[in-house]
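Here's the letter readout for the chains.
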Amino acid sequence: MHQPFFWGGSIAAHQSEGAWNLDGKGPAIMDYVRQGTRDVPRQIDKEIVTNVRYPSHKGIDFYHRYREDIAMFAEMGFTALRISVDWSRIYPHGDDEVVNQPGLEYYHAIIDTLLEYHIEPIITLYHFELPVNLVHSYGSWLNRKVVDLYVRFCQIVMRAFNNKVRYWITFNEMNHLDPMTTQTDIFTYMITGLKYSELSNPIQDLATIGYHMTLASVRVAKIAREINKENQVGCVFGLSPVYPYDCHPDNVMCAFKESERDYYQVDAMCTGRFPEYKLSEYQSHGINVPIEPEDADDFRRGKLDFIGLNYYYSRLQQPQRFADQEERVKNPYIEQSRWGWTIDPVGIRYTMNYIHRRYGLPIMITENGLGALDDVIEGGTIDDGYRIEYLAKHIEQVKKAMVEDFVTCIGYLTWAPIDVISATTGEMRKRYGFIYVDQDDSGAGTLRRQRKASFNWFKDVIKNNGENL
Ligand code: BG6
């Protein structure tokens with residue numbers, strides 16, 4: 001099969017769709033999260049509070065406007081769009097006996113629209129979208145039954161769209177849950193619906209969750225290929241280089257170890273077995289991993305076909321002697337975005353090289369982009385030259401990885417081609433799109449879509465297959 005290079009973008013259901021309780025959709029974990037800011041963490045509620053704004057409830061109303069949005073993606077020349085299928089639209093409580101048909105019909109309609117425009121649908125099966133009932137009634141991913149329910153959900157979806165979708169992504173960024181590092185509430189919650197600060201035994205719990213999610217991924221990859229041998233299965237990881245603070249060997253070693261924490265699940269999904277080094281590490285901390293004998297076959301047969309790479313920034317190892325400082329030590333060679341994310345194009349080339357050499361699998365860049373404040377200037381133009389600069393420099397490095405370093409890369413998808421709700425802060429003003437959405441942080445605005453300067457720039461990039469940045 002000739003492998004096309006995909007140009008396009010990625011979005012997620014809970015950040016774009018809205019319609020949080022329409023057509024049978026059940027409540028999902030992100031429907032309980034208020035808006036925060038860069039400095040004020042998002043508040044997570046146990047119950048929906050009236051008169052409080054939960055950004056996912058409205059999103060950018062992609063649910064009703066997807067035709068218009070997809071037409072604009074097509075105008076830019078997209079050949080792929082990554083969307084997520086929200087579990088709570090298909091099974092409102094996660095464990096329902098019957099499927100919610102309107103949920104399936106909605107995704108059929110989106111996928112059909114994409115296919116009309118010759119845009120390849122790339123489907124993420126879990127992008128922070130867990131029916132909240134599975135947290136309350138089962139204890140989320142701590143419970144192995146949730147693995148079975150997830151597999152059942154994926155099977156239904158993969159069968160329903162079998163003759164329309166070839167590219168499946170099992171999970172988005174499960175790697176941010178390393179048991180050995182302290183987590184923030186929001187990241188643990190986004191991935192599991194549980195707050196880190198409320199876990200009774202954080203190290204054990206995150207090890208159990210990490211194992212269950214990894215197992216769920218390999219089981220789905222195995223089943224995907226049983227459903228259709230043409231299916232291509234990936235998992236998306238948020239990866240970034242961790243640079244040593246300086247060349248002191250202790251710092252180099254620390255940076256290496258910090259970076260390696262992101263890889264045990266990738267290792268498990270690419271090598272066909274849960275890594276021994278992780279099991280030994282767990283054992284040395286008295287952690288029990290809930291392995292069942294039959295899991296081995298799933299790991300063996302559930303290897304990935306490609307790796308999805310979300311790349312935004314590089315990190316700097318923080319030496320122990322600065323541990324009690326509130327401000328993190330900054331890399332003096334690298335600028336930061338307004339939200340404190342480093343801007344390091346070379347980091348994408350470094351990471352692509354690293355994972356391609358380690359696993360030998362094709363890489364799809366599944367997210368890359370700049371969250372920035374955009375101003376609509378008189379006459380309605382949005383001059384986002386900073387975004388063009390960010391993307392051009394990153395695409396340049398992706399090209400170098402492919403042409404000079406011989407990394408196999410099958411696509412470059414930006415986050416997000418249209419402004420959506422920010423996942424970590426819930427803000428609307430942290431914008432990534434080529435398309436501006438008229439909505440402010442209070443939820444006010446017409447939701448009108450408008451082309452930014454980057455829209456025509458990216459259209460040109462695609463037309464010239466990245467030759468003209
Ligand atoms: C990625 C997530 O980690 O980062 C996306 O997969 C998210 O869901 C993106 O939106 C950017 O983060 P934020 O917080 O700026 O939206």
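The structure contained in this document is the topic of the report that follows. (Residues numbered from 1 in each chain as written. Predicted model: local features only at pLDDT ≥ 70, side-chain atom pairs only at ≥ 80, totals over all residues.)

Glancing now at the overall build of the chain. For the chain, the count of helices and strands is 16 helices and 14 strands. The C-alpha atoms of the chain give a radius of gyration of 21 Å, which matches the 23 Å a tight globule of 469 residues would have. Expressed along its principal axes, the backbone C-alpha trace of the chain runs to roughly 65 × 60 × 50 Å. Across the 469 residues in the chain, those meeting the buried criterion constitute 47%. Residue pairs in contact within the chain that sit at least 24 positions apart in sequence constitute 76% of those at least 6 positions apart. (Helix = DSSP H or I, 4+ residues; strand = E, 2+ residues; numbered from the N terminus. Rg over C-alpha atoms; globule rule 2.2 N^0.38 Å. Buried ≥ 20, exposed ≤ 12 C-beta atoms within 10 Å, placed from the backbone. Contact = placed C-beta atoms within 7 Å.)

Running from amino to carboxyl end, helix 15 (residues 385-403) crosses helix 16 (residues 453-463) at an angle of 25°, the nearest separation of the two axes being 9 Å. Taken together, the axis directions place helix 15 and helix 16 in an arrangement best described as roughly parallel. Of the two elements, helix 15 crosses helix 16, and the hand of that crossing is right-handed. From helix 15, Gly385, Arg387, Ile388 and Ile395 reach across to helix 16, where they touch Ala453, Ser454, Trp457 and Val461. For the contact of helix 15 with helix 16, a count of residues per class yields 5 nonpolar, 2 polar and 1 charged. (Axes fitted to C-alpha atoms, helices over the stretch in contact; angles between N-to-C directions. Parallel < 35°, antiparallel > 145°, perpendicular 65-115°, else oblique. Left-handed = near helix turned anticlockwise from the far one by under 90°. Nonpolar A, V, L, I, M, F, W, Y, C, P; charged D, E, K, R; others polar.)

Among the nonpolar cores identified, the biggest contains 125 residues, and Ile123, Leu125, Trp168, Leu309 and Ile363 are the most heavily contacted of them. Tallying contributions element by element places helix 9 (residues 202-227) first for this core, with 11 residues. Setting aside residues up to four positions removed in sequence, Ile123 forms contacts with Ile83, Val85, Val165, Tyr167, Trp168 and Ile169. Counting 5 residues, the second-largest nonpolar core is a separate cluster that includes Val242, Tyr245, Ala255 and Leu316. (Core = buried A, V, L, I, M, F, W, Y, C linked by C-beta atoms within 7 Å.)

Counting buried positions along strand 4 (residues 167-172) yields 6 of 6 residues, so the element is predominantly enclosed. Note: strand 3 (residues 120-124) against strand 4, 3 bridges, orientation parallel. Its bridge partner being in strand 4, Thr124 is matched across the sheet by Ile169. Note that strand 4 and strand 5 (residues 232-238) share 4 bridges and pair parallel. Residue pairing across strands places Ile169 opposite Gly234, the latter belonging to strand 5. (Pairing = 2+ DSSP bridges.)

Moving on, we get to helix 14 (residues 345-359). A rise of 1.5 Å per residue sets the reference length of helix 14, with its 15 residues, at 21 Å; its end C-alpha atoms lie 22 Å apart and thus fit the reference within 8%. Inspection of helix 14 places Pro345, Gly347, Ile348, Arg349, Thr351, Met352, Ile355 and His356 among the buried residues, and these make up the whole buried set. Phi for Gly360, located one or two positions after helix 14, is positive at around 70°. (Expected span 1.5 Å × (residues − 1).)

Another point: the site of the ligand. Residues in close proximity to the ligand total 14 residues, the closest being Gly238, Gly371, Ser422, Ala423 and Thr424. By residue class, the composition of the shell around the ligand is 3 nonpolar, 8 polar and 3 charged. (Near = placed C-beta within 6 Å.)

This part takes up the sheet that holds strand 11 (residues 363-367). With parallel pairing, 8 strands are arranged side by side around a closed barrel as 1-2-3-4-5-7-11-12. Neighbour-to-neighbour, the strand axes of the sheet open up by a mean angle of 25°, direction not taken into account. The sheet contact formed by strand 1 (residues 6-10) and strand 2 (residues 80-84) spans 3 bridges and is parallel. When the sheet's bridge partners are listed, Ser10 is paired in strand 2 with Arg82. The strands that helix 9 touches are strand 4 and strand 5; relative to strand 4, the one it contacts most, it runs at about 170°.

One way to put it is that helix 14 packs onto helix 15 with a least axis distance of 8 Å and a crossing angle of 30°. Taken together, the axis directions place helix 14 and helix 15 in an arrangement best described as roughly parallel. In this structure, helix 14 crosses over helix 15, and the sense of that crossing is right-handed. Across the interface between the two elements, Pro345, Val346, Ile348, Arg349, Met352 and Asn353 from helix 14 touch Lys393, His394, Glu396, Gln397, Val398, Lys400 and Ala401 from helix 15. Partitioned by chemical class, the residues of the contact of helix 14 with helix 15 number 6 nonpolar, 3 polar and 4 charged.

Here we come to the pairing of strand 7 (residues 306-310). By the criterion of burial, strand 7 is predominantly enclosed, with 5 of the 5 residues buried. Burial along strand 7 is two-sided: the face carrying Phe306, Gly308 and Asn310 and the face carrying Ile307 and Leu309 are both buried. Across 5 bridges, strand 5 lies against strand 7 in parallel orientation. When the sheet's bridge partners are listed, Gly234 is paired in strand 7 with Phe306. The sheet contact formed by strand 7 and strand 11 spans 4 bridges and is parallel. Each bridged residue has a counterpart across the sheet, and for Gly308 the counterpart in strand 11 is Met364.

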